[in-house]
Amino acid sequence: MVPFINLQIDRRSRDSLQRQIYDQLRGAILNGQFAAGARVPSSRDLASDLGVSRNTVACAFDQLLAEGYLEGRVGSGTYVASALPEDLLRVDPAGHAPAAAASDSIESKPSRRGQAIAAICDSRERGLILPRPFHTGLAALDEFPRALWARMAARVLRHAPVAMLTYADAAGYRPLRQAIAEYLRAARGVRCTADQVIVTGGTQQALDLAARVLLDPGDTAWVEDPAYLSARGALQAAGIRDEPIAVDSEGISVEEGMKRAPRARLACVTPSHQYPLGVTMSLARRMALLEWARRRNAWILEDDYDSEFRYAGRPLACLQGLDTAGRVIYTGSFSKVLFPALRLGYLVAPEPLVDVFISARIVTDRHSPSLEQFLVAEFIAEGHFARHIRRMRALYAERQQALVAAVKRELNGALEIHSAEAGQHVVAWLPEAADDRQVSRKAAAAGIIAQPLSAYTAHVKLRPALLLGYSALPPRQIREGVRKLGTVLSQIL
């Protein structure tokens, strides 16, 4: 229904009332004020609003109906036509869109930065992402406690204060920030207070804020090679030059970084569980990286994206906890732990940078949704968060075992795979002569998501491999996916 029609009737005009109504309705339809298919008010209601006779409005409607601007539906009412007369007159028999006159042509290309951003995202998945074998980084949505979450959400909506419905603290809901700080201190060894925690719209926004706050366009940042592609995307979108630095069994090579980009001002790392290789940064390498940052007055962005899921021993302490010079910005997310649609993450900023990060958050999108923050805070405070992590840790270990066993049983010789001590995916190595991108494309055609390792590399040359996620699917679907992948491999290798 068109909610409001603002027609102006001038009784002193030489045009009749019927003509005025007709002209204004037709103009509103043509300029898009009334969308195609929208229901217009009845002639009785419009006549009452305008203070004219119903017959006057009906005559205007009749003319619009006859000319094809409106269409009547028996028993339903009058609607804006789905195809207007002007549209039909411009139809090209060959199906081509009409060319604009030279004098009316407008430059439609975006800026160079806009084009660069579009290129960054061109190959990414933009639509709905549903659990399929073997999508990486997706939580076990089938095992999320939805009934509990629904009850808590209903309670929150009933009892949340009115303040939760207005503009909120840009840094985030205070009780949630306190809960995050307490959790990080206890579980990850982060040294912080609630004042240093800033709630974000996920890790990607934290990366974007850090790139804009810490660096200037044209500055250089180290990124791991291979690397999490979205980290490189955030840097490039901010005009930062990313310099890929090789990752070995101890993590990013600080020595190579100093040779390749000695003037770099930032290092983006995933030290607890490197993405995508899965290695853990050694203590010696961590200390070398911290010393580099201190000496060069540079920054370290620590992405601790799935550190909760470690299956051998306790989760390792974070890099930020070793930092005595205030050079580390720590980021985390609830997407991998709870569910990605929540769009909540956080960063921990060194105290001198807190205000500037909050200011940057304000000019980006003010704050994250308050009700979701309120709900997550309650979820943590009531102990559900800790129980959920413990349960998912056991579940993911079981699913990883199912994947490794199925690959060894079904694909022995085609893929080399080993159990991982942490995370939500494993690296499955192909024969040296294989093309992992070709295998990935063929798998996608069969409904299998198996990302090629080579897609994450810049300079480093690695053996071809596939990234196989296991956390999102139960063992039965994992085994079915392995059999489908085996069919694909048998056609290629």
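Residues numbered from 1 in each chain as written. Predicted model: local features only at pLDDT ≥ 70, side-chain atom pairs only at ≥ 80, totals over all residues. Heavy atoms only, no water.

Q: I keep staring at the overall build of the protein chain and nothing clicks. Help me out?
A: For the protein chain, the count of helices and strands is 16 helices and 13 strands. Expected size for 493 residues packed as a compact globule is a radius of gyration near 23 Å; at 29 Å, the protein chain overshoots this value by more than 25%. Projecting the C-alpha coordinates of the protein chain onto the three principal axes gives extents of approximately 90 × 55 × 50 Å. Each of the 493 residues in the protein chain was classed as buried or not, and the buried ones make up 48%. Within the protein chain, contacts between residues at least 6 apart in sequence are counted, and of these 72% link residues at least 24 apart. Surface summary for the protein chain: the accessible area is close to 24300 Å², and the carbon and sulfur share equals 51%. Each charge class in the protein chain can be summarised by its mean position, and for the 60 positive and 52 negative side chains these summaries are 3 Å apart. (Helix = DSSP H or I, 4+ residues; strand = E, 2+ residues; numbered from the N terminus. Rg over C-alpha atoms; globule rule 2.2 N^0.38 Å. Buried < 20%, exposed > 50% of the residue type's maximum accessible area, 1.4 Å probe, protein only. Contact = heavy atoms within 4.5 Å. Areas by Shrake-Rupley, 256 points an atom, 1.4 Å probe, with all protein chains shown as cover. Lys, Arg positive; Asp, Glu negative; His and termini not counted. Charge placed at Lys NZ, Arg CZ, Asp CG, Glu CD.)

Q: Looking at this structure, how should I read the packing of aromatic side chains?
A: Applying the stated rule across the entire model yields 14 aromatic pairs. Ring centres 5.4 Å apart and planes at 65° place the aromatic pair F144 and W149 in the edge-to-face group. The residues F144 and W149 share a single accessibility class, namely buried. An angle of 85° between the planes, with centres 5.3 Å apart, marks the rings of Y183 and F385 as edge-to-face. Residue Y183 is located in helix α7 (residues 174–188), and its partner F385 is located in helix α14 (residues 384–410); the two are separated by 202 residues in the primary sequence. (Phe/Tyr/Trp six-rings, centres within 6.5 Å; stacked < 30°, edge-to-face > 60°.)

Q: How should I be thinking about the sheet that holds strand β9 (residues 328–333) in this particular structure?
A: Hydrogen bonds between backbone groups are what pair the strands of a sheet, and the pairing can be parallel or antiparallel. Strand order in the open sheet made by the eight strands is β3-β10-β9-β8-β7-β4-β5-β6, with mixed pairing throughout. Because the sheet does not close on itself, it has two edges, and the strands there are β3 (197–200) and β6 (251–252). The sheet contact formed by strand β4 (residues 220–225) and strand β7 (residues 266–269) spans three bridges and is parallel. Of the residues in β7, the one forming a bridge with V223 is C268. Running over the sheet, helix α9 (residues 229–237) touches β4, β5 (241–248) and β7 and is turned about 155° from β5. (Pairing = 2+ DSSP bridges. Axes fitted to C-alpha atoms, helices over the stretch in contact; angles between N-to-C directions.)

Q: What exactly am I supposed to notice about the confidence of the model for the protein chain here?
A: Do not read the fine detail of predicted coordinates wherever pLDDT is low. Averaged over all residues, the pLDDT of the protein chain equals 87, while 91% of them reach at least 70. Considering only residues more than four positions removed or in separate chains, one finds that residues 88–104, a stretch of pLDDT under 50, has two contacts. (pLDDT = per-residue confidence, 0-100.)

Q: Looking at this model, I keep getting lost on the packing of helix α6 (residues 146–159) against helix α13 (residues 370–381). Mind explaining?
A: Packed helix pairs are specified by the crossing angle of their axes together with the interaxial distance, meaning the distance between the axes. In contact at an axis separation of 10 Å, α6 and α13 are set at 120° when each is read in the N-to-C sense. With respect to α13, the axis of α6 lies oblique. Of the two elements, α6 crosses α13, and the hand of that crossing is right-handed. Of the residues in α13, those touching α6 at L148, W149, M152, A153, R155, V156 and L157 are L371, F374, L375, V376, E378 and F379. (Parallel < 35°, antiparallel > 145°, perpendicular 65-115°, else oblique. Left-handed = near helix turned anticlockwise from the far one by under 90°.)

Q: In this structure, what is going on with the pattern of salt bridges? I would like to understand it.
A: Tallied over the entire structure, the rule returns 26 salt bridges. Between R260 and E243 there is a salt bridge, with the nearest N and O atoms lying 2.9 Å from each other. One end of the pair, R260, is in helix α10 (residues 254–260); the other, E243, is in strand β5, and 17 residues separate them in sequence. Judged by relative accessible area, R260 falls into the partly exposed class, the value being 38%. A salt bridge links R361 to D365, with the nearest nitrogen and oxygen atoms 2.8 Å apart. A residue pair is termed a helical-turn pair when its members lie 3 or 4 positions apart in one helix, as R361 and D365 do in helix α12 (residues 354–365) at four residues. (Salt bridge = Lys/Arg side-chain N within 4 Å of Asp/Glu carboxyl O.)

Q: Is there a simple way to think about helix α11 (residues 283–296) in this case?
A: Because an α-helix packs 3.6 residues into every turn, residues spaced three or four apart end up facing the same way. Compared with the 20 Å implied by 1.5 Å per residue over 14 residues, the 20 Å span of α11 between its first and last C-alpha is a close match. The set of residues buried in α11 consists of R285, R286, L289, L290, W292 and A293. The arc that holds the buried residues of α11, viewed along the axis, is 155°, so those residues lie on one side. What points out from α11, more than 90 degrees from its buried face, is the exposed set L283 and A284. Downstream of α11 by a residue or two, N297 has a phi angle that is positive, lying close to 55°. (Expected span 1.5 Å × (residues − 1). Arc of directions from axis to C-beta.)

Q: Honestly, empty space enclosed by the protein in this entry has me stumped. Any pointers?
A: Rolled over the atoms, a probe with the dimensions of a water molecule shows which regions are left empty. In total, this model carries two cavities of 30 Å³ or more according to the counting rule given. Taken as a whole, the largest cavity spans an internal volume of roughly 100 Å³. For the largest cavity, the full set of lining residues is L207, V223, E224, A227, Y228, A231, R232, C268, V269, T270, L301 and D303. Broken down by secondary-structure element, the contributors of at least two residues to the lining of the largest cavity are β4, α9, β7 and β8 (299–303). Its residues assigned to classes, the lining of the largest cavity shows eight nonpolar, one polar and three charged. Roughly 60 Å³ of internal volume is contained in the second largest cavity. Around the second largest cavity sit ten residues that line it, and S272, S307, R310, L316 and A422 are the ones nearest its centre. Taken together, the residues that form the lining of the second largest cavity break down as four nonpolar, three polar and three charged. (1 Å grid on protein atoms, 1.4 Å probe; cavity = no way out; pocket = protein on both sides within 12 Å on 5 of 7 lines; lining within 4 Å. Points joined across faces, edges and corners; volume = space filled by probe spheres on them. Nonpolar A, V, L, I, M, F, W, Y, C, P; charged D, E, K, R; others polar.)

Q: Teacher, can you tell me more about the layout of surface pockets here?
A: Space inside the second largest pocket adds up to approximately 340 Å³. Lining the second largest pocket are 16 residues, and of these L277, G278, V279, S419 and A420 lie nearest its centre.

Q: In this structure, what is going on with the sheet that holds strand β11 (residues 425–429)? I would like to understand it.
A: Taken in spatial order, the three strands make up an open sheet running β11-β13-β12, and their pairing is antiparallel. The open sheet has two edge strands, β11 and β12 (451–452), and neither has a second partner.

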